[in-house]
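Structural overview
Spelled out, the chains give:
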Amino acid sequence: MVASVQENPLAALLVSKLVMLALGVVKQFILYILCCFIALLAHEAMHAAIALALGVKVKKFGLSWQGPYLVREPGSPRKNLLITVAGPLVNIILIATWFWLPTFAITNLLLAVSNMLPIHSSDGARACVLLMRVKDSGLC
């Protein structure tokens, strides 16, 4: 014979704790998704802001299955290098200024580090190529 939750206070306590745990997980997940969205938006917005500040026309700001992206006119290697490192740099600044919100700081840390890895179509790969072009052109 199985006792119902209403008849067994221990079962009721267990169920309420499980519900609270599930709600906590859902709350953390929603917070993480929100932090990711804000961090990615700040990252791409900084690319756009520096491009515009350097006189490089921004053509399109969009979202694909790989994440947000920016399409702009080509600039000089030096300008392109500054535009490229601006995204991860804003994530580093957000880590330093939002340390009191660990989820947001960790999200920005992951975004900055993963973007600076020299892997295909990342800011890190672009920065490596552009750094070599800037060095070769004697603009350092």
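1. Considerations on helix α4 (residues 123–136)
Here α4 is 14 residues long and its end C-alpha atoms lie 20 Å apart, about the 20 Å a rise of 1.5 Å per residue gives. All of the buried residues along α4 are D123, G124, A127, L130 and V134. The buried residues of α4 occupy an angular sector of 125° when the element is viewed end-on, so they sit on one face. With respect to the buried face of α4, the exposed residues turned more than 90 degrees away are M132 and D136. Along its buried surface, α4 packs onto α1 (9–53), α2 (77–97) and α3 (102–116). Positioned one or two residues after α4, G138 has a phi angle of 75°, which is positive.

2. Observations concerning the packing of α2 against α4
Geometry of a packed helix pair, given as the angle between the helix axes and the separation of the axes. Packing of α2 against α4 brings their axes to within 9 Å, and their N-to-C directions diverge by 150°. Regarding the angle of α2 to α4, the classification is roughly antiparallel. Where α2 crosses over α4, the handedness of that crossing is left-handed. Contacts between α2 and α4 pair P77, R78, N80, L81, T84, V85 and P88 from the former with D123, R126, A127, L130, L131, R133 and V134 from the latter.

3. Remarks on unusual backbone geometry
In the Ramachandran plot, S121 falls in the positive-phi region, its phi being about 60° despite a non-glycine side chain. Here S121 shows up in the loop between α3 and α4.

Rules behind the numbers
- The written sequence of each chain sets the order in which its residues are numbered from 1.
- Local features are withheld for residues below a pLDDT of 70 in this predicted model, meaning they are given only at 70 or higher, and side-chain atom pairs are given and counted only at 80 or more; totals for whole chains, interfaces and linings count all residues.
- Values shown for side chains rest on all heavy atoms present in the structure; no hydrogens or waters enter the calculation.
- Secondary structure follows DSSP: runs of H or I at least 4 residues long count as helices, runs of E at least 2 residues long count as strands, and numbering of each begins at the N terminus.
- What a helix should span is 1.5 Å times the count of its residues minus one.
- For each residue, the accessible area found with a 1.4 Å probe, counting protein chains only, is set against the maximum for its type, and the residue is called buried under 20%, exposed over 50%, and partly exposed in between.
- The arc refers to the directions leading from the helix axis to the C-beta atoms.
- Contacts are assigned to residue pairs with any non-hydrogen atoms lying within 4.5 Å of each other.
- To obtain an axis, a line is fitted to C-alpha atoms, over the contacting stretch when the element is a helix, and the angle between two such axes runs from 0 to 180 degrees between their N-to-C directions.
- Should an angle fall under 35 degrees it is taken as roughly parallel, and over 145 as roughly antiparallel, whereas 65 to 115 is taken as roughly perpendicular and any remaining angle as oblique.
- What makes a crossing left-handed is the near helix being turned counterclockwise from the far one by less than a right angle; a clockwise turn instead makes it right-handed.

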